[in-house]
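Chains, contacts and geometry: an overview
For reference, the chains in residue letters:
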Amino acid sequence: MGTAEQREGSQGSAAVRRGPDVLDRDIPVSAGEGAGSDERAYYRPLWVEDPAPRRRMPDPVRTAAVRAVLVVSVTLIQAVVAFLCTLAGSWLAFPMVISSVVSVVVATWAALDVWVTRQVWNQRHGVVSTPSSTARSLRRERRTARRLARSAERAQARIRRRAGAGQLSHP
């Protein structure tokens, strides 16, 4: 987010680009310089909102989050009803308080379910890692060493197979 002048200036132009009918904010408009028959000055907005890109939540995580929101909302409604029943002295007060306590436990479980589902998703589908990651470079080195060892082993096996097969240089 920034002003239009900052954005235009950061795009490599020394002068601010303007269209033919765009006027400066700080220069007053005289009688003959209006935009067409309309004598009002055209003002550009001070800033333009750039929406921050957000990645979409994975489906299992979103499902768990929706479930948690529904359970928490039912829990809050139950708590309010239990409070009102207690104030009114109704016979429903005790069962509602008990069900509210149970609902709080279930709501906590649902919130933990969202967290666990998100962790499992990240673990199964990989976390975005940078190319300079230490673990990645170590794996690459180990892979290269294994390839070299296998190719050397194949070469040795090839030499052993050929040994004594009509070669005159060996006695």
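Now for a description of the structure that goes with this document. Given the structure is predicted, the values throughout are model-derived calculations rather than measurements. (Residues numbered from 1 in each chain as written. Predicted model: local features only at pLDDT ≥ 70, side-chain atom pairs only at ≥ 80, totals over all residues. Heavy atoms only, no water.)

1. Quick word on the overall build of the protein
Applicable threshold: Note on conventions: DSSP H or I runs of at least 4 residues are helices, E runs of at least 2 residues are strands, and numbering of each starts at the N terminus. Classification of residues uses two cut-offs on accessible area relative to the type maximum, computed with a 1.4 Å probe and protein chains only: under 20% is buried, over 50% is exposed, and between them is partly exposed. Two residues form a contact once any of their heavy atoms are found within 4.5 Å. The accessible surface values rely on the Shrake-Rupley method and a 1.4 Å probe; as for residues, cover is taken only from the protein chains in view.
Along the protein, the regular secondary structure elements total four helices and zero strands. The N-to-C order of helical and strand elements in the protein reads α-α-α-α. The buried share of the protein, reckoned over its 171 residues, is 12%. Sequence-distant contacts in the protein: of pairs separated by 6 or more residues, those separated by 24 or more amount to 54%. Summing over all exposed atoms, the protein offers an accessible surface of approximately 14,300 Å²; the carbon and sulfur share of this is 63%.

2. As for the layout of surface pockets
Put simply, the rule is: The rule is simple: put a 1 Å grid over the protein atoms alone, call a set of points where a 1.4 Å probe fits but cannot get out a cavity, call an open set with protein on both sides within 12 Å along at least five of seven lines a pocket, and count a residue as lining if it has an atom within 4 Å of a point. Grid points are joined across faces, edges and corners, and a volume is the space filled by probe spheres set on the points. Gly counts as polar in this scheme, as do all residues outside two lists: the nonpolar Ala, Val, Leu, Ile, Met, Phe, Trp, Tyr, Cys and Pro, and the charged Asp, Glu, Lys and Arg.
Of the volumes computed, that of the largest pocket is approximately 150 Å³. Lining the largest pocket, in full, are Arg-55, Arg-56, Met-57, Pro-58, Val-61, Arg-118, Trp-121 and Asn-122. Tallying contributions element by element places helix α3 (residues 93-125) first for the lining of the largest pocket, with three residues. Residue composition of the lining of the largest pocket, grouped by class: four nonpolar, one polar and three charged.

3. Here we look at the side chain of Thr-117
Counted only if it meets this: Two N or O atoms form a polar contact when they lie within 3.5 Å of each other; inside protein one atom must be a possible hydrogen donor and the other a possible acceptor, and for residues adjacent in sequence the pair counts only when both atoms belong to side chains.
Mapped onto the elements, Thr-117 comes out in helix α3. A polar contact is formed between the side chain of Thr-117 and the backbone oxygen of Asp-113, at a distance of 2.6 Å. If near-sequence neighbours (up to four positions away) are discounted, Thr-117 is found in contact with Pro-60, Val-61 and Ala-64.

4. Quick notes on the packing of helix α2 (residues 59-88) against α3
Here is the rule we go by: Here, axes are lines fitted to C-alpha atoms. For helices the fit covers the stretch in contact, and angles between N-to-C directions go from 0 to 180 degrees. Small angles under 35 degrees read as roughly parallel and large ones over 145 as roughly antiparallel, with 65 to 115 read as roughly perpendicular and the rest as oblique. Here is the rule for handedness: rotate from the far helix to the near one, and if that takes an anticlockwise turn smaller than a right angle the crossing is left-handed, while a clockwise turn gives right-handed.
Between α2 and α3, whose axes approach to 8 Å, the crossing angle comes to 165 degrees. If you check the angle between α2 and α3, you find them roughly antiparallel. Considering how the two elements wind past one another, α2 and α3 form a crossing that is left-handed. Residues that form the contact of α2 with α3 fall into these classes: 21 nonpolar, seven polar and three charged.

5. With respect to a positive patch on the surface
Definition in use: Patches were defined on residues exceeding 30% relative accessible area and lacking a salt bridge, with like-charge contacts within 9 Å and nonpolar side-chain contacts (Val, Leu, Ile, Met, Phe, Trp, Tyr) within 5 Å. What counts as a salt bridge is simple: a side-chain nitrogen of Lys or Arg found within 4 Å of a carboxyl oxygen of Asp or Glu. This count recognises Lys and Arg as positive and Asp and Glu as negative, with His and chain-terminal groups excluded. Each charge is placed at NZ for Lys, CZ for Arg, CG for Asp and CD for Glu.
Taken together, the side chains of Arg-139, Arg-140, Arg-142, Arg-143, Arg-146, Arg-147, Arg-150, Arg-154, Arg-158, Arg-161 and Arg-162 define a basic patch exposed on the protein surface. Tracing the backbone through its elements, the reader meets Arg-161 in helix α4 (residues 134-162). Judged by relative accessible area, Arg-161 falls into the exposed class, the value being 63%.

6. Concerning the environment of Arg-118
Mapped onto the elements of the fold, Arg-118 is located in helix α3. Note: C-alpha distance between Arg-118 and Met-57 (61 residues apart in sequence) is 9.0 Å.

7. Some thoughts on the side chain of Gln-78
Relative to the helices and strands, Gln-78 is located in helix α2. Other than its neighbours up to four places away in sequence, Gln-78 contacts Met-96, Ser-99, Ser-100 and Ser-103.

8. Focus: the pattern of salt bridges
Under the counting rule described, the total for this entry stands at three salt bridges. Ionic pairing is found between Arg-62 and Asp-59, a salt bridge with its closest N-O pair at 2.4 Å. One end of the pair, Arg-62, and the other, Asp-59, are both in helix α2, three residues apart, so they sit about a helical turn from each other. Taken together, the salt bridges that share partners define one network made up of Arg-56, Asp-59 and Arg-62.

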